[in-house]
Amino acid sequence: MARERLYLFDTTLRDGAQTNGVDFTLADKLAIARMLDELGIDYVEGGYPGANPTDTELFSADRKLGTTFTAFGMTRRPGRSASNDPGLAALLEAKADAICFVAKSWDYHVRVALETTEEENIASIRDSVRAAKARGKEVLLDCEHFFDGYKANPEFALACAKAAYEEGARWVVLCDTNGGTLPHEVERIVGAVCKAIPGDHVGIHAHNDTEQAVANSFAAVLAGARQIQGTLNGLGERCGNANLVSIIPTLKLKPEFADRFETGISEGALRKLAQVSHALDERLNRAPNRHAPYVGESAFATKAGIHASAILKDPATYEHVAPESVGNKRKVLVSEQAGKSNVLAELERIGIKVDKNDPRVARLLEVVKERETIGYAYEAADASFELLARRTLGRVPDYFEVTQFDVNVEQRFNAKGEQVTVAMAVVKVKVGDDSLISAAEGNGPVNALDQALRKDLGKYQKFIEGLTLTDYRVRILNAGTEAVTRVLIESEDENGERWTTVGVSPNIIDASFQALMDSVIFKLVKSGAPA
Ligand SMILES: [Zn+2]
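We now turn to the structure provided with this report. (Residues numbered from 1 in each chain as written. Predicted model: local features only at pLDDT ≥ 70, side-chain atom pairs only at ≥ 80, totals over all residues. Heavy atoms only, no water.)

## Section: the sheet that holds strand β13 (residues 401–413)
Then comes step 1: Read from one edge of the open sheet, three strands run β13-β14-β15, paired in antiparallel fashion. A strand with exactly one partner marks an edge of an open sheet, and here the two such strands are β13 and β15 (434–442). For this sheet, the mean inter-axis angle between neighbouring strands, taken without regard to orientation, is 15°.
Then comes step 2: Here β13 runs beside strand β14 (residues 419–431); their pairing, made up of twelve bridges, is antiparallel. Residue pairing across strands places R412 opposite V420, the latter belonging to β14. (Pairing = 2+ DSSP bridges. Helix = DSSP H or I, 4+ residues; strand = E, 2+ residues; numbered from the N terminus. Axes fitted to C-alpha atoms, helices over the stretch in contact; angles between N-to-C directions.)

## Observations regarding the side chain of D493
Then comes step 1: Relative to the helices and strands, D493 resides in the loop between β17 (482–492) and β18 (498–505).
Then comes step 2: Look past the residues within four positions of D493 in its chain and what remains in contact with it is G466, W499, K523 and K526. (Contact = heavy atoms within 4.5 Å.)

## Observations regarding the layout of surface pockets
To find leftover empty space, a probe the size of one water molecule is rolled over the atoms.
Then comes step 1: Here the largest pocket is characterised by a volume of approximately 620 Å³.
Then comes step 2: Lining the largest pocket are 31 residues, and of these N208, N233, G234, N243 and N289 sit closest to its centre.
Then comes step 3: Breaking the lining of the largest pocket down by element, the ones donating at least two residues are α9 (213–222), α10 (244–253) and α13 (273–284).
Then comes step 4: A per-class count over the lining of the largest pocket returns 13 nonpolar, 15 polar and three charged. (1 Å grid on protein atoms, 1.4 Å probe; cavity = no way out; pocket = protein on both sides within 12 Å on 5 of 7 lines; lining within 4 Å. Points joined across faces, edges and corners; volume = space filled by probe spheres on them. Nonpolar A, V, L, I, M, F, W, Y, C, P; charged D, E, K, R; others polar.)

## What about the packing of aromatic side chains?
Then comes step 1: Across all of its chains, the model carries 14 aromatic pairs by this definition.
Then comes step 2: Centroid distance W499 to F522: 5.3 Å. Interplanar angle 50°. Geometry classified as tilted. Linking W499 in strand β18 with F522 in helix α20 (residues 508–526), this pair joins segments that are 23 residues apart in sequence.
Then comes step 3: Exposure remark for W499: the relative accessible area of 2% places this residue in the buried category.
Then comes step 4: With relative accessibility at 7%, the residue F522 sits in the buried group.
Then comes step 5: Grouped by ring-pair contacts, the aromatic residues F146, F147 and Y150 constitute a single cluster.
Then comes step 6: Positioned over the ring face of F72 is R14, at 3.6 Å from the centre of the ring. (Phe/Tyr/Trp six-rings, centres within 6.5 Å; stacked < 30°, edge-to-face > 60°. Buried < 20%, exposed > 50% of the residue type's maximum accessible area, 1.4 Å probe, protein only. Lys NZ or Arg CZ within 6 Å of the ring centre and 35° of its normal.)

## Brief notes about the sheet that holds strand β2 (residues 7–10)
The strands making up a sheet are joined through hydrogen bonds of the backbone, oriented either antiparallel or parallel.
Then comes step 1: On the basis of which strands lie adjacent, the closed barrel formed by eight strands has the order β2-β3-β4-β5-β6-β7-β8-β9 and parallel pairing. Strand after strand, the sheet turns through a mean of 25° between neighbouring axes, direction not considered.
Then comes step 2: The strands touched by α9 are β7 (171–176), β8 (202–206) and β9 (227–230); relative to β8, the strand with the most contacts, the crossing angle is about 165°.
Then comes step 3: Strands β2 and β9 of the sheet are contacted by α10, whose axis makes an angle of about 170° with β2.

## Re the environment of Q212
Then comes step 1: Structurally, Q212 can be placed in the loop between β8 and α9.
Then comes step 2: Q212 sits 137 residues away from R349 along the chain, and the two C-alpha atoms are 35 Å apart.
Then comes step 3: When neighbours within four sequence positions are excluded, Q212 is seen to be in contact with L182 and P183.
Then comes step 4: Within polar-contact distance, the side chain of Q212 engages the side chain of T210 at 3.1 Å. (Polar contact = N/O pair within 3.5 Å; in protein donor to acceptor, adjacent residues only side chain to side chain.)

## Focus: the coordination of the zinc ion
Note on metal geometry: ideal angles are 109.5 degrees for four donors arranged tetrahedrally and 90 or 180 degrees for six donors arranged octahedrally.
Then comes step 1: Each protein donor to the zinc ion is listed here as D15 (OD), H205 (NE2) and H207 (NE2); together their distances run 1.9 to 2.2 Å.
Then comes step 2: When the donors of the zinc ion are listed by position in the chain, the intervening gaps give D-x189-H-x1-H. Residue D15 is found in the loop between β2 and α1 (26–39), and its partner H205 is found in strand β8; the two are separated by 190 residues along the sequence. (Donors = N, O, S within 2.8 Å, 3.2 Å for Na, K, Ca; no water.)

## So, the nonpolar core
Then comes step 1: Core analysis: the biggest nonpolar cluster contains 89 residues, and I41, F146 and V190 have the highest contact counts within it.
Then comes step 2: For this core, the element with the highest residue contribution is helix α7 (residues 154–166), accounting for seven residues.
Then comes step 3: Residues within four places of V190 in sequence aside, it is in contact with F147, L174, A220, A223 and A225.
Then comes step 4: Formed by 37 residues, the second largest nonpolar core is a distinct cluster that contains V431, L457, W499 and L524. (Core = buried A, V, L, I, M, F, W, Y, C linked by side-chain atoms within 4.5 Å.)

## Quick word on the pattern of salt bridges
Then comes step 1: Taken as a whole and assessed by the stated rule, the structure comprises 36 salt bridges.
Then comes step 2: Linking D62 and K64 is a salt bridge whose minimum nitrogen-to-oxygen distance equals 4.0 Å.
Then comes step 3: According to the relative accessible area criterion, D62 is exposed, its value standing at 52%.
Then comes step 4: On the basis of relative accessible area, K64 is assigned to the exposed category, the value being 69%.
Then comes step 5: Put simply, E490 and R290 hold a salt bridge, and the shortest N to O gap is 3.4 Å. Taken together, the residues E490 in strand β17 and R290 in the loop between α13 and β11 (301–302) connect sequence positions 200 residues apart.
Then comes step 6: Assessed through its relative accessible area of 22%, R290 is described here as partly exposed. (Salt bridge = Lys/Arg side-chain N within 4 Å of Asp/Glu carboxyl O.)

So, in structure tokens, the structure goes:
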């Protein structure tokens, strides 16, 4: 049976840019658009030309993307002709393949917000779609507040949608702008719309205010809609938009959808999904959500010993899809409560071959438990666990030795008379027979120490060039009689691979230094640096 085509429309750069704290530069927008294009997204909405300088510049040149690059803007203003509306003119001039208009479809908004008549609202939709079609653009109409509008006045809401379709709009997109509509309502209303407009011209744009934007998108598809709009990582104002990173694997991997629908996403692209999701967080300078479905670090992490032993026998026992299919990996957490099976499963994953009755396995488990009692958290620090395992079971080369470090924090007045706090670190390292000294300034003591440590590692420098620290978390723990500090550091390399290391000490600098050292040594081990 031939599968139906389902289209994906990304609005990370437009609706996602409304997220509190997100401010995309032109370079960000171009990089994200390329990433979405490579992923195989059918439509990438770039922004709102004319509304701000970044978006105007974004649409000032042909960006040569394979995707249908889409500009967003309003239909002509009420009481003006299409040819005499500067906003519409800017939109028509934009170097875009498609135009997505937004229009009111709730009679209450037409009266109160737009202060015009229902007839004029529909005339504005018709004129705008016609003008864009005349310029050879593919046209979409976002029907704002469609679901609330439909509940209040179904005839008018539907008339707005139909006007666009009749004028030749490729898509009429039903927006749950306030995000409060529930899946069963979406299914009923989309079903009714698809009786008047063919489903392969109907799209869904859901917001996540009841945590159901993804469910609402699927409800719309089951009722006949064939375009889903959403954003990467569910970015968007308030509670966000429908999360394409959750929607895509469900469409690709769940037979209910995979057997019926085809998308533009290849299996190969799907395997890069976790990387795409993390790359966006990286650009936003945010720590990825560990518990994100499919792509989160914990999405395939198992803790309890009994589950771990079953997962070793057959992963399908506790996994709904294969982690590799979305570019994620299985993780068996090694913790105090864990048994030998967790340790064995984790050793197998990281590729250390060992007999399960080898006394060193019991020794490793003992060391893990001892260290967790004093504050180490190996289930959160995969790389530190791997180093500990390699040290217990085999050997980790002594690549280099830090013979001394010195960190200095100084508060003083600078030349402009402003009070500033400056951190400076000096690190002495021995690499083979060479003694190296590096100094660096930083925005804080840990940053300065990190900069100095990684400034010159002699022959190992080339292996750590692409290493960056992406997250730094500190917790004060009460272990026994005195408080200790636990530091978790997350690092990333040039291939987008991430790992976490841990350090524990009563002294925060010392704890940070342990975690930094583990990160650098882990990178050397991973890169196969010679001893
Ligand atoms: Zn929206």
